[in-house]
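Observations on the model geometry
Residues per chain, in single letters:
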Amino acid sequence: MLGATCLLLALVTTVSCVTQQPPNTVSEDWVWNNLHEFENYEGPFPKNIGRLHKPGNTTYILEGDGAGILFKVNPNNGSIAVYRTLDREEKTKYFLQAFVRSSISKDILGLATNFTISVSDINDNAPKFTQEVFKGSIPEMSPNGTSVLKVTAHDADDPTVGSHTKITYQLLGKEQNFIIETFSGIIRVKSPNMDREQKKDYEVFVQAKDMGTQNGGFSSTATVLISLTDINDNPPHFSHTQYKFNVSEDKIVGQEIGRVKAEDGDEGENARIIYTFIPNSNFFTIKTDANTQEGVITLKKPLDFEKLNRYKIEVEADNPTPGSWMTKTKAELLVTVLDVDEPPVFSHPFYSFSVSENQPADTQVGQVKAKDPDQARNAIQYRLKTGGSFFRIAPDSGNIYTRVSLDRETHAWHNITVTATEALVAIKVLDVNDNAPRLKEDYRPFICEHDGGLAAPQLVQVVAAVDDDEMTTAVRFHFSLGTRDSNFTLSNNGDNTANVTVRLGGFNHKEQPRYRLPIVVSDNGRPSMSSTGSLDITVCPCDQAGEAGDCRTLRQPLTSKVNLTVLLISFLFIIILIGECTPRPPPPPMHLIPQLPPSPPHTLLHLLPCITGVIKVN
């Protein structure tokens, strides 16, 4: 009867058996099932993953990938064990050979058996995007559903195991403008009204997750940058309805006189603008500056201020690129021509006159005429540039006269050159004495009081005068007092000033602290004009040495001490009045009143009426 040798695999449900040959025969091959071990197992080690069993006195040998390091066989009982952590992403299968040896003869029994240890996958890798940043672009205003780009991620796990590599995509955040297809990763337009002129660039964050639609799994993110490309959806427009330019009439033809610009919200070819005049102008041209898209206005024909000094032109800006429903805009140009001082122009470019010979000097030959072409029409001055030996010209009229008697036999023809220049005429308005002189300042002098007369006249003030009329060296002012009853005198100094002096002493600041002295000032014009001013003179107390004190205190308001004194006196006076006016009890009957001697005269307080009211003290 034949026996059987069976290899038991601990991790596989099936068992393969090899029929044992009679003794002293060799098996052609052993058929083993594959062994499996999960990756990332971290111990404890060793871990049995299978066993070879053959009856008899035998030992087992293992060779091949990882034999002796990763995988070892127990030589006595045939148990196969793993000794280290495996990683399927590094190596998915290990190919080994097993041998059976006789423990007695030490001979190999039969042929080696080949078998495989497969590493089983677990979901230990997150999807990885093919790029960290994806970039895409679409035209602005693209319709809903327009494809923008496709993002792709890969998972290093085993695609044959569950949903380990089944990737789904989603956009992160509250994205309003784009959507992504869950399984394909295609990003599409969600909002059809994205305007490049409002916002050009968008940043979107996309997530890739494995395990399909199941919960859990690993994920990673990538950035998607989406730009809107321009379409011609904006017409050009001028920022002003009217543009004003000033141009000198001597501007050279072909020179630039100004620029206008129509703004266009688009870019590139969609913002290209062509400018034209409506209708075409005879004096100006306009072309587009390719770099700035401005309309450059240049002079086409010479300008003449005296003929036409203002031009009103309509300019049109057009976007020739198809796309916009409205491509044109208009504005008005107002060009003002500025006058330039031009030389006089003769009535004829050539004059021919004749005169008989032997005529006396100063015989009129003819007249040349020139005029100022400018609007000012300035007067013309003539002079001879050549021919001055025989002729002269009247500077104002242009009449030409002989300077000497002419002899035809000596000179039959005389060619002379006349030049004309504009004459500047200055007109002066002559002054008429229509303004009266007046005191130059508001004089406020001070004098010192005196008990007696003065040994010498005391100078109070030197006064001067001014006049709004023309002041020449011949103008003279005369000063006099406006009153005869005065303790002051006035004397003219002859240089348009006068001295005010004290005539008599004896001023007392307590009796009269101030004097107002009227002063009459007149000029020597025809007719003479005069005015009256006043000189306010303050009398100052003097000290014992005869020096004047500080007179400014007299012009200031009362001090606080004086005010306080006045208030106290007034308050006392009011109290006395109140006491006198207090009602008294009625007198007793006459027969009870004793006879008294006559009372003395009533005092002032007895005479004051008892009235009520308010007393205001200033």
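Quick look at the structure, then.

The rules behind each value
- Counting of residues starts from 1 at the beginning of each chain's written sequence and follows it residue by residue.
- Only residues with pLDDT of 70 or above have their local features reported here, since the model is predicted, and side-chain atom pairs are shown and tallied only from 80 upward, although totals for entire chains, interfaces and linings are computed over all residues.
- As a rule here, side-chain values come from all non-hydrogen atoms in the structure, and water together with hydrogens is ignored.
- Only DSSP runs of H or I reaching four residues or more are called helices, and only runs of E reaching two or more are called strands; each is numbered from the N terminus.
- The cut-offs for exposure are 20% and 50% of the maximum accessible area for each residue type, with area from a 1.4 Å probe on protein chains only; residues under the lower value are buried, those over the upper are exposed, and the others partly exposed.
- When checking whether two residues touch, look at their non-hydrogen atoms; a contact exists if any pair is within 4.5 Å.
- Any two strands with at least two DSSP bridges between them are considered paired.
- With axes taken as lines fitted to C-alpha atoms, and helix axes fitted only over the stretch in contact, angles between N-to-C directions fall between 0 and 180 degrees.
- Salt-bridge detection follows one rule: a side-chain nitrogen of Lys or Arg within 4 Å of a carboxyl oxygen of Asp or Glu.

**Quick look at the overall build of the protein chain**
Each helix and strand counted, the protein chain has 2 helices and 42 strands in total. A burial count over the protein chain gives 34% of its 618 residues as buried. The long-range fraction of contacts in the protein chain, counting pairs at least 24 apart against all pairs at least 6 apart in sequence, stands at 65%.

**A look at the sheet that holds strand β29 (residues 364–367)**
Reading across the sheet, the 3 strands line up as β29-β33-β32 and stay open at both edges, with antiparallel pairing between neighbours. Of all the strands in the sheet, the pair left with one neighbour each is β29 and β32 (391–393). Adjacent strand axes in the sheet meet at a mean angle of 25°, parallel and antiparallel pairs treated alike.

**Focus: the pattern of salt bridges**
By the definition in use, this model includes 17 salt bridges. Close ionic contact of E181 with R188 constitutes a salt bridge, the shortest N to O distance being 2.8 Å. Among the residues examined, E181 registers a relative accessible area of 30% and is labelled partly exposed. On the basis of relative accessible area, R188 is assigned to the partly exposed category, the value being 24%. Between R259 and E294 there is a salt bridge; the shortest N-O distance is 2.8 Å. Of the two residues, R259 sits in strand β21 (residues 256–260) while E294 sits in the loop between β24 (284–288) and β25 (295–299), which places them 35 residues apart along the sequence. On the basis of relative accessible area, R259 is assigned to the partly exposed category, the value being 32%. Linked by salt bridges that have partners in common, R196, E197, D230 and E267 make up one network.

**Description of the sheet that holds strand β37 (residues 458–466)**
Reading across from one edge, β35-β37-β40-β39 is the order of the 4 strands in this open sheet, with antiparallel pairing throughout. The open sheet is flanked by β35 (438–439) and β39 (488–492), the only strands paired with a single partner. Relative to β37, β35 runs antiparallel, the two being bridged by 2 bridges. When the bridges of β37 are listed, R438 appears paired with V466.

**Here we look at the environment of T419**
Inspection of the secondary structure puts T419 in strand β34 (residues 417–423). Among the residues examined, T419 registers a relative accessible area of 18% and is labelled buried. Residues T419 and G398, 21 residues apart in the sequence, show an inter-C-alpha distance of 9.9 Å. Those residues in contact with T419 that sit more than four places away from it in its chain are F346, Q381, Y382, R383 and K385.

**A word on unusual backbone geometry**
Residue P46 is reached from F45 by a cis peptide bond, and omega for that bond is -5°. Relative to the assigned elements, P46 resides in the loop between β3 (35–38) and β4 (47–52). Residue N40 is not a glycine yet carries a positive backbone phi of 65°. Residue N40 is classed as partly exposed on the basis of its relative accessible area, which comes to 28%. Unusually for a residue other than glycine, Q293 sits at a positive phi of about 60°. Within the secondary structure, Q293 is located in the loop between β24 and β25. With a relative accessible area of 18%, Q293 lands in the buried category.

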